[in-house]
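# Close look at the chain arrangement
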Amino acid sequence: MGFFDEYVDDSQPSGYVSADQLGTDKSTFTIVGIEFQPEQGYEGADRYLADIVLDGEEKKASFGAGSVDSRDKMLAAMADFIQRTGETVTVSASKQGRAVILTAAK
């Protein structure tokens, strides 16, 4: 058994899943709410904080704003849609370069 078999990264706040992890795992999850949070992200950057359901568990995912313009537009529109309709949105995440891209779940 090696180091990474027993190491637990507890730097993520409880209940959070990193956007990078979502993209690396090619996860499919449901977004139940999104909030734009100015200056609340990594090193005071703007972010979108999403309430998600992943593998039957409620979690939070943070997406840095300003790095992927198309994702920012989608998350802003999705936040409006969820607030206006009360419906959730199921997405798939994939990693393209350093960015996590969200698309419609298949």
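Quick caveat: nothing in here was measured; it's all calculated off a predicted structure. (Residues numbered from 1 in each chain as written. Predicted model: local features only at pLDDT ≥ 70, side-chain atom pairs only at ≥ 80, totals over all residues. Heavy atoms only, no water.)

Here we come to the overall build of the protein chain. Counting its regular elements, the protein chain contains 3 helices and 6 strands. The helix and strand sequence of the protein chain, counted from the amino end, reads α-β-α-β-β-β-α-β-β. Compactness check: the protein chain gives a C-alpha radius of gyration of 14 Å against a globular reference of 13 Å for 106 residues, within 12% of the reference. Dimensions of the protein chain, computed from C-alpha atoms along their principal axes, come out at roughly 50 × 30 × 25 Å. (Helix = DSSP H or I, 4+ residues; strand = E, 2+ residues; numbered from the N terminus. Rg over C-alpha atoms; globule rule 2.2 N^0.38 Å.)

With 21 residues, the main nonpolar core has Leu22, Phe29, Ile31, Ile34, Ile52 and Phe63 as its most contacted residues. Discounting chain neighbours no more than four positions away, the residues touching Leu22 are Val17, Ser27, Phe29, Ile52, Leu54, Ala61, Phe63 and Ala93. (Core = buried A, V, L, I, M, F, W, Y, C linked by side-chain atoms within 4.5 Å. Buried < 20%, exposed > 50% of the residue type's maximum accessible area, 1.4 Å probe, protein only. Contact = heavy atoms within 4.5 Å.)

Before going further, it helps to examine unusual backbone geometry. At Asp55, a residue that is not glycine, the phi angle is positive and equals roughly 55 degrees. Inspection of the secondary structure puts Asp55 in the loop between strand 3 (47-54) and strand 4 (57-64).

What follows deals with the pattern of salt bridges. Here the structure, examined in full by the defined rule, presents 4 salt bridges. The residue Asp69 makes a salt bridge to Lys73 at a minimum N-O spacing of 3.4 Å. Of this pair, Asp69 and Lys73 both sit in helix 3 (residues 69-85), separated by 4 residues, roughly a single helical turn. A salt bridge links Asp80 to Arg84; the nearest nitrogen and oxygen atoms lie 3.6 Å apart. Of this pair, Asp80 and Arg84 both sit in helix 3, 4 residues apart, which is roughly one turn of that helix. (Salt bridge = Lys/Arg side-chain N within 4 Å of Asp/Glu carboxyl O.)

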